[in-house]
Amino acid sequence: MAEINDKNIPQKKVVYSALKPTGDLQLGNYIGAVKNMVKLQDEYNCIYTIADMHSITVENVPADLRRRTYDFMALFLAVGLDPEKSILFVQSHVPQHAELAWVLNCYTQFGEASRMTQFKEKSAKNPENVNLGLFAYPTLMAADILLYQADLVPIGKDQKQHLELARDIAHRFNTVYSPTFVVPDGIFSKHGAKIYNLLDPTSKMGKTDDNTNGVVFLLDDADTIMRKFKRAVTDCDTDIRFDESKPGISNLITIYSVVSDKTVEAVEKEFEGVSYADFKLKVGEAVVEYLKPIQAKYNELINNKDYLLEVMRNGAERASRIANKTLSKVYRKVGFVQLP
Ligand code: AMP
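What you see is a predicted model, and the numbers here were worked out from it, not measured in a lab. (Residues numbered from 1 in each chain as written. Predicted model: local features only at pLDDT ≥ 70, side-chain atom pairs only at ≥ 80, totals over all residues. Heavy atoms only, no water.)

1. A short note on the packing of aromatic side chains
Inspection of the entire model under this criterion finds 14 aromatic pairs. Residues Phe173 and Tyr177 carry aromatic rings whose centres are separated by 4.7 Å and whose planes lie at 40 degrees to one another, so their mutual orientation is tilted. For Tyr177, a relative accessible area of 28% translates into the label partly exposed. Ring plane angle 70 degrees and centroid distance 4.9 Å describe the contact between Tyr331 and Phe336, whose orientation is recorded as edge-to-face. The exposure class assigned to Tyr331 is partly exposed, which follows from its relative accessible area of 21%. Among the residues examined, Phe336 registers a relative accessible area of 42% and is labelled partly exposed. Within the aromatic cluster, the residues linked to one another by ring pairs are Tyr107, Phe173, Tyr177 and Phe181. Directly above the ring of Tyr70 sits Lys305, whose terminal nitrogen or CZ lies 4.9 Å from the centroid. (Phe/Tyr/Trp six-rings, centres within 6.5 Å; stacked < 30°, edge-to-face > 60°. Buried < 20%, exposed > 50% of the residue type's maximum accessible area, 1.4 Å probe, protein only. Lys NZ or Arg CZ within 6 Å of the ring centre and 35° of its normal.)

See below:
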């Protein structure tokens, strides 16, 4: 239920979302997450975080993390995230995330955290760096969400288990003490929002994929984008038709349909009888055109670090005010003495 404020106007629900700067933003992030974040701004109070603290749970190159934090903020603004409408900030600028995470660690069982699929997968992939941060990732994520009393969290399927844990922790804390946290619900992206690697169209396009030739990064130049689309894997058929048995072509149809704002059916009709090679060129060109204004705006912003820092500072101040309210409540409830 939305809270009613003193003017009897139902308050907008709070949406929380975070992106980890562990790799450069790619088309899948944009189509599957960021584009939706832009839309949600009109209907909800949105809080969007660049989750740099989550990034250091895996191997970290400090210069890359620093560059990407600026890049992400510049791209957020370039695609239309609006610091007047939403709160945009960098996680490490709001220390309450780490503080609440510690408390939540103490209300999370070792067994629960051990069952997290992401932890199992990441530790199996990197047995030489199974650090405590990787293990506690879900409690930091729970803190991120619960600090802002978020009602809704847009997530991909891969984060479903972590959100369930956040809900369990919130319930537990509310039961042991008294209602403290809003128990958040997930918003799952609709069918068609998932983008696949151009060279391996059965696996999701990812910012840390080994084969970057199949990944279209938002900051790739026109030649690179065209080269990647020209090489995209298709099939031995000739029909441009969306079909589960044709993952490569279906992926290209999805991409074209998003960037041209047309339905899948309209795309199939538009390219009836067109060769795969020509279709790949058209999709590449459409993506280049689509990204042009975003890249132009990015280039303007990335050269204005003072402005980016100002957005980060304002965002952190606004986030911190909300986070502090929740954290003070939590500290009081667990029995920490508050200084007058
Ligand atoms: P990640 O890059 O895996 O940290 O994901 C950040 C956000 O982008 C999450 O909401 C993902 O679900 C979304 N995302 C990442 N890759 C894709 C993709 N290939 N297709 C659709 N959504 C994606």
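2. Considering the site of the ligand
Within the structure, the ligand sits among 13 residues, and Leu19, Asn29, Ile195, Met205 and Lys207 are positioned closest to it. Between the ligand and Gln26, the relevant distance is 3.2 Å, taken from a nitrogen atom to a side-chain nitrogen or oxygen of the residue. One of the side-chain nitrogen or oxygen atoms of Asn29 is found 2.9 Å away from an oxygen atom of the ligand. In isolation the ligand offers 470 Å² of accessible surface; the protein chains occlude 82% of this area. In terms of residues, the shell around the ligand owes the most to one element, helix H1 (residues 27–40), which gives four residues. Here the residues of the shell around the ligand sort into five nonpolar, five polar and three charged. (Near = heavy atom within 4 Å. Polar contact = N/O pair within 3.5 Å; in protein donor to acceptor, adjacent residues only side chain to side chain. Areas by Shrake-Rupley, 256 points an atom, 1.4 Å probe, with all protein chains shown as cover. Helix = DSSP H or I, 4+ residues; strand = E, 2+ residues; numbered from the N terminus. Nonpolar A, V, L, I, M, F, W, Y, C, P; charged D, E, K, R; others polar.)

3. Comments concerning the nonpolar core
Residues Phe229, Phe279 and Val287 are the most contacted members of the largest nonpolar core, which totals 61 residues. Among the elements that line this core, the one with the most residues is helix H12 (residues 276–302), at 11 residues. Residue contributions to this core reach at least three from each of two domains, namely domain 1 (14–188 + 305–334) and domain 2 (212–300). One finds Ala142, Leu147, Ala319 and Ala323 within the second-largest nonpolar core, a separate group that totals 40 residues. (Core = buried A, V, L, I, M, F, W, Y, C linked by side-chain atoms within 4.5 Å. Domains from an automatic or database assignment.)

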